[in-house]
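A closer look at the structure
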Amino acid sequence: MNWLTNKVLPKIRKLTTSSRDTPDNLWVKCPGCGEMLFHQELVQNLNVCNHCDHHLRVGPKDRFEQLFDGSRYDVIELPDVQVDPLKFRDSRKYTDRLKDARHNTGDKDAMIVAHGKMGGNAAVVAVQNFQFMGGSLGMAVGEAIVAASKLAILQKAPLILFSAAGGARMQEGILSLMQMPRTTVAVQRLKEAKLPFIVVLTDPTTGGVTASYAMLGDIQISEPGTLICFAGPRVIEETIREKLPEGFQRAEFLVEKGMLDMVVHRRDMKKTLSVLIDLIANKFKSEDTADKSAPAAEPTQDAAPAADAAGKKADAPSESKA
Ligand SMILES: [Zn+2]
């Protein structure tokens, strides 16, 4: 029975779901420069265009594989939420849109949470999927962030959140807006537990997401060229009737204005995050040992990562970048 459930079933499932991952054609047009990119090459290049460096959007699965050591991670089960409580319908029923998004992505909703090791240290990573109804923040995404925060506190690990959203999910009305304060409280709990919250803003991060958890990171990182705003450039131009400066609301512009700490190329993302986690984890460990004069108190869980981190410390400074 074990052999059936553990070995055979996953293989069959993989066979039946693999068609979803196979691209319809082997070429992808770069949204940045219009070049046709060979799919396999693009994947090898972490979905970054090798002509113009445009960072194409990536979903949670690719992101986890790029970030976790040895691409090993565990996705956590997220609590179910009430489906379509407002019985919302615009040009289509909300339930139909949900059904399509679930079919296309294979996920239940727009935020996936996983945990594993990054640079030898434990980390919880939450990734928002723009493919799923524009990554919109609804009750399920709210639940996911609360769950991610709880898991990070339980594991005494940092929470790294990759945001990508068009804003709040209008089909859930006030219930989606309520997720803004709710996720803010989840972030606050991390801060009370003295755990770092690192946000990586990916293209695009807009609306209610920018107005809540995506801007509350202790460290704010972004990928190159990311659009980050509350209201989009077109809306602002129409409202103030003025031409906006070049690159307005893009990551590079926001670093210059002090809204972000750094813009990091996708190929350097794992290294940068690993160094940051390592630095912060070691800092807290040294504070911990300074606080408690009795060292034998709680060695079991932290001992291994600490040793691991110490070993990696030597190459940390040369890798760190601003
Ligand atoms: Zn390109």
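Residues numbered from 1 in each chain as written. Predicted model: local features only at pLDDT ≥ 70, side-chain atom pairs only at ≥ 80, totals over all residues.

**Remarks on the pairing of strand E8 (residues 219–222)**
Note: strand E7 (residues 197–206) against E8, four bridges, orientation parallel. In the strand pairing of E8, Leu201 is matched with Ser222. Sheet analysis places E8 next to strand E10 (residues 262–263), joined by two bridges and oriented parallel. Pairing of Ile221 across the sheet is with Met262, part of E10. (Pairing = 2+ DSSP bridges. Helix = DSSP H or I, 4+ residues; strand = E, 2+ residues; numbered from the N terminus.)

**A few points about the UniProt feature "binding site: Zn(2+)" (unreviewed entry) in the protein chain**
When the UniProt feature table is mapped onto this chain, "binding site: Zn(2+)" (unreviewed entry) is found at Cys30, Cys33, Cys49 and Cys52. Spatially, the listed residues are clustered: although they cover 23 residues, their C-alpha atoms lie within 8.7 Å of one another. Locating Cys49 in the fold gives a position in the loop between helix H2 (39–44) and helix H3 (60–67). A count of 20 C-beta atoms within 10 Å places Cys49 in the buried class. Other than its neighbours up to four places away in sequence, Cys49 contacts Cys30, Gly32, Cys33, Glu35, Leu37, His54 and Leu56. Looking at the secondary structure, you find Cys52 in the loop between H2 and H3. Every residue in contact with Cys52, bar those within four places of it in the chain, is listed here: Cys30, Gly32 and Cys33. (UniProt positions renumbered as here; feature names shortened; annotations may be inferred. Buried ≥ 20, exposed ≤ 12 C-beta atoms within 10 Å, placed from the backbone. Contact = placed C-beta atoms within 7 Å.)

**Let's talk about the environment of Leu175**
Assignment of secondary structure puts Leu175 in helix H6 (residues 173–177). Residue class for Leu175 comes out partly exposed when judged on the 17 C-beta atoms lying within 10 Å of it. Along the backbone, Leu175 and Pro85 are 90 residues apart, and their C-alpha atoms lie at a distance of 9.0 Å. Beyond its immediate stretch of four places on either side in the chain, Leu175 contacts Pro85 and Met139.

**Side note on the pairing of strand E6 (residues 159–165)**
Counting buried positions along E6 gives seven out of seven residues, so the element sits mostly inside the fold. Residues Leu159, Leu161, Ser163 and Ala165 point to one face of E6 and Ile160, Phe162 and Ala164 to the other, with burial holding for every one of them. Handedness of the crossover joining strand E5 (residues 121–128) and E6 through helix H5 (residues 139–155): right-handed. As paired elements, E6 and E7 share six bridges and run parallel to each other. Directly across from Leu159, in E7, lies its bridge partner Phe197. (Right-handed = clockwise from strand over helix to strand, strands pointing away.)

**Considerations on the confidence of the model for the protein chain**
On average, residues of the protein chain score 87 in pLDDT, and 80% of them are at 70 or above. With pLDDT under 50 throughout, residues 18–22 is counted as low confidence; its partners more than four residues away or in other chains account for one contact. Note on residues 293–322: pLDDT is under 50 here. Beyond four places in sequence and across chains, it has 27 contacts. (pLDDT = per-residue confidence, 0-100.)

**Re the nonpolar core**
One broad rule of soluble globular proteins: the nonpolar side chains tend to lie buried together. Formed by 59 residues in total, the largest nonpolar core has its most connected members in Val113, Val125, Ala126, Ala144 and Leu159. Not counting the four nearest positions on each side in its chain, Ala126 is found in contact with Met111, Val113, Ala144, Ile145, Ala148, Leu159 and Leu161. (Core = buried A, V, L, I, M, F, W, Y, C linked by C-beta atoms within 7 Å.)

**Let's talk about the packing of H5 against helix H7 (residues 179–192)**
It is the contact of H5 with H7, at a shortest axis distance of 9 Å, that shows an interaxial angle of 5 degrees. Considered as vectors, H5 and H7 are oriented roughly parallel to each other. When H5 is examined against H7, the residues Met139, Val141, Gly142, Ile145, Val146, Ser149, Ala152 and Ile153 are found in contact with a partner set consisting of Gln179, Arg182, Thr183, Ala186, Val187, Arg189 and Leu190. For the contact of H5 with H7, the class distribution of residues is nine nonpolar, four polar and two charged. (Axes fitted to C-alpha atoms, helices over the stretch in contact; angles between N-to-C directions. Parallel < 35°, antiparallel > 145°, perpendicular 65-115°, else oblique. Nonpolar A, V, L, I, M, F, W, Y, C, P; charged D, E, K, R; others polar.)

**Comments concerning H7**
With 14 residues, H7 extends 20 Å from end C-alpha to end C-alpha; this agrees with the ideal 20 Å at 1.5 Å per step. Three or more residues of H7 are buried, namely Gln179, Thr183, Ala186, Val187 and Leu190. Each buried residue of H7 lies within a common arc of 95 degrees when the element is viewed along its axis, so the set occupies one face. Structural note: H7 exposes Pro181, Val185, Lys191 and Glu192 on the side pointing more than 90 degrees away from its buried face. Considering only its buried residues, H7 is in contact with H5, E6, H6 and E7. Following H7 by one or two positions, Lys194 adopts a phi angle in the positive range, close to 60 degrees. (Expected span 1.5 Å × (residues − 1). Arc of directions from axis to C-beta.)

**Quick word on the environment of Leu137**
Turning to its location among the elements, Leu137 is positioned in the loop between E5 and H5. With 33 C-beta atoms counted inside 10 Å, the residue Leu137 sits in the buried group. Through-space distance from the C-alpha of Leu137 to that of Arg169 is 5.3 Å; in sequence the pair is 32 residues apart. Each residue touching Leu137, except ones within four places of it in the same chain, is listed here: Gly142, Ala165, Gly167, Ala168, Arg169, Ser176, Gln179, Gly208 and Val209.

**A few points about H3**
Within H3 the residues assigned to the buried category are Pro60, Arg63, Phe64 and Leu67. Along the axis of H3, the buried residues cluster in a sector spanning 100 degrees; they form a single face.

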